[in-house]
Amino acid sequence: MKTEISAGERSVRVDHLRCSGTAYCRDALPQLFTVEDKRAWLRADYDLASADMEVVEEAAASCPWFAITVDDT
Amino acid sequence: MGETRELWSELASERERCPVTKLADMNATRVTSYAGVKQLLRDTASFSNRFGTVDPGDEELPRDDQILAFADPPRHGRQRKLLVAALSASRVEHLRSSMQATVDRLMHTIVAGDRTEFGLVAELASPFPAHVTAELMGVPHELRDKFVHFSHLAELASGMPGVYDEELREWSDIIEELVRERRAAGPEANDDLITTMCFAEVDGEHLSEREVAQMVVLVNEAGNTTTTTLITNIAYALDEFPAQKVLFLADIDELVESVIEEGLRYDGPIQGLGRKALCPADLAGYHIPKGEKVFGSYAAANHDPDVYDRPDEFVVGRDWRQTPSHMGFGHGIHHCLGANVARMEAKVALTSLYKRLPGLRVKPGFEPVAVPGQIFRGWTELQMCFDRPGAEA
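No experiment lies behind these values; they were computed from the predicted model shown.

What follows is about the overall build of chain A. What chain A contains, in helices and strands, is two helices and five strands. Mapped from its N terminus to its C terminus, chain A presents α and β elements in the order β-β-α-β-β-α-β. Here the C-alpha radius of gyration of chain A, 11 Å, is about what a compact globule of 73 residues would show, namely 11 Å. Its C-alpha atoms give chain A principal-axis dimensions of about 30 × 20 × 20 Å.

As structure tokens, this is what we get:
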């Protein structure tokens, strides 16, 4: 469980100062997100390199606390 | 204690008949299934907040009034981003000690002399969140009582539209004056939510004074009476389910957080809110015409037997890590901004009350009166009693 994972130019980050544990990210993409101790975490075994980034970005956008940042440049 | 159960069974039979039901009001529909309410709240492209949510009107609200809960994307996201950092779960931790101090002060009066009863709403559940909000906003001490008074009007006004317009306008003026003062004082002069809002940039522009004032009104209305009701409804529910109360009292520290989540599910402060269909849409397999007012019943969603085991029972030990999240704070991008503040307020209040007042219970024979209106669900007062000796401030 991590708060940041990356693969090449891609990265996903969860900001625990903002995360308030709604678990919407986990509901949207349980392969990547998990919730423990009322905070969202990233699964270390997620294959970000071959992920559909549109799906990742949609899950990130579901966060009402804007706690998830996705970079894909 | 029949009144609450009656609502659950009414909503249950409506859900069974049809979870998307046309109401007597010609252009309104009510959604009563968990899945349906979730879809309503997620599909912000079809279902709008900017016509109002208590009773969505025919026209969009004036631009300056399209604030947070009354705004749609992308405007909503820009506004909300300004506030999330100040109200996140980690950030509200710093309010804990001042919350405890406020509760301690209120409880001092509750146990004074040889008292054995008190009004839960008037003496704790109402003044407490109002003081917390005032502190968060940086409201000057001399205005706090007025602030507390005005915050109640929202609840009353929702049941009696028009009656309190003049007082609500006066309140609005006071807040606009406060906002002007903070803006004049500059970004460094104060560390409070009003200052944060005054100087936050949205796409390179500041919010107008009117927009900030509207946000203050909204945060206050949305944050105070709701928390009052959350605390009060939990006290009521614990007495409805004595066996659950025994479990709670045996391990308050361990169970208080799940009791609060269960309170939000079982009998949350907001029964439901409305949206306006911007286009013809499909909702849980039913056709919704353009212009329709669609009310999502949070109360019904929270009692959906497809989602919750023993839905009409107050169960203190539900494992919320394994249970789908309740709709007590709504769902989706408008998820209650004050959720973290409210959770902490409820935790501080309930822990202090039930640890320090032995035998705390609704006064036998007391008949509570429901708050009027279709939106709020709570009691105007809940007279409580407790045993002496053993009571501590």
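Our next topic: the environment of L124 of chain B. Residue and element names in this part refer to chain B. Looking at where L124 falls in the secondary structure, it is placed in helix α5 (residues 120–125). Owing to 25 C-beta atoms within 10 Å, L124 belongs among the buried residues under this scheme. Along the backbone, L124 and I260 are 136 residues apart, and their C-alpha atoms lie at a distance of 17 Å. Here L124 is in contact with L106, I110 and A349, once residues within four sequence places are set aside.

On to the sheet that holds strand β11 (residues 361–362) of chain B. Residues and elements named next belong to chain B. Ordered by their spatial adjacency, three strands build an open sheet running β4-β12-β11, and the pairing between neighbours is antiparallel. Lying at the two open borders of the sheet, with one neighbouring strand each, are β4 (117–119) and β11. Sheet topology places β11 next to strand β12 (residues 383–385); two bridges connect them, and they run antiparallel. Bridge assignment links V362 to a residue of β12, and that residue is M384.

This paragraph deals with the sheet that holds strand β2 (residues 10–14) of chain A. All names here are of chain A. The sheet built from three strands is open, its strands ordered β1-β2-β5 with antiparallel pairing. In the strand order of this sheet, the two ends are held by β1 (4–7) and β5 (68–72), each with one partner. The sheet shows a mean angle of 5° between the axes of neighbouring strands, direction not considered. As paired elements, β1 and β2 share four bridges and run antiparallel to each other. Residue E4 lies in a different strand from β2, and its bridge partner there is R13. Here helix α2 (residues 53–61) sits on the sheet in contact with β2 and β5, set at roughly 155° to β5.

The next subject is the pairing of strand β7 (residues 272–277) of chain B. Residue and element names in this part refer to chain B. For β7, the buried fraction is high: six of the six residues fall into the buried class. Judged by which residues are buried, β7 turns out to be covered on both faces: G272, G274 and K276 on one side and L273, R275 and A277 on the other are all buried. Strand direction decides the pairing type here: strand β3 (residues 47–48) and β7, joined by two bridges, are antiparallel. When the sheet's bridge partners are listed, F47 is paired in β7 with A277.

What follows deals with helix α10 (residues 209–240) of chain B. The end-to-end C-alpha separation of α10 of chain B is 46 Å, in line with the 46 Å expected for 32 residues at 1.5 Å each. With 27 of 32 residues buried, α10 of chain B is to be regarded as a mostly interior element.

Moving on, we get to the pairing of strand β4 (residues 39–42) of chain A. Working note: regular strand, side chains alternate between the two faces of the sheet. All names here are of chain A. For strand β3 (residues 33–36) and β4, the ladder comprises four bridges, and the chain directions are antiparallel. Directly across from F33, in β4, lies its bridge partner L42. Adjacent in sequence and paired antiparallel, β3 and β4 are bridged by two residues, among which D37 carries a positive phi angle near 55°.

Let us look at the interface of chain A and chain B. Chain A puts 11 residues into the contact, and the matching count from chain B is 13 residues. Taken together, the residues of the side of chain A that touches chain B sort by class into five nonpolar, four polar and two charged.

Membership of the largest hydrophobic core comes to 120 residues, with the highest contact counts inside it found for C25 of chain A together with I194, V212, V216, A235, A349 and L350 of chain B. For this core, the element with the highest residue contribution is α10 of chain B, accounting for 14 residues. Every residue in contact with L350 of chain B, bar those within four places of it in the chain, is listed here: I231, I234, V256 and V259 of chain B.

Rules behind the numbers
Residues numbered from 1 in each chain as written. Chains lettered and ligands numbered in written order. Predicted model: local features only at pLDDT ≥ 70, side-chain atom pairs only at ≥ 80, totals over all residues. Helix = DSSP H or I, 4+ residues; strand = E, 2+ residues; numbered from the N terminus. Rg over C-alpha atoms; globule rule 2.2 N^0.38 Å. Buried ≥ 20, exposed ≤ 12 C-beta atoms within 10 Å, placed from the backbone. Contact = placed C-beta atoms within 7 Å. Pairing = 2+ DSSP bridges. Axes fitted to C-alpha atoms, helices over the stretch in contact; angles between N-to-C directions. Expected span 1.5 Å × (residues − 1). Nonpolar A, V, L, I, M, F, W, Y, C, P; charged D, E, K, R; others polar. Core = buried A, V, L, I, M, F, W, Y, C linked by C-beta atoms within 7 Å.

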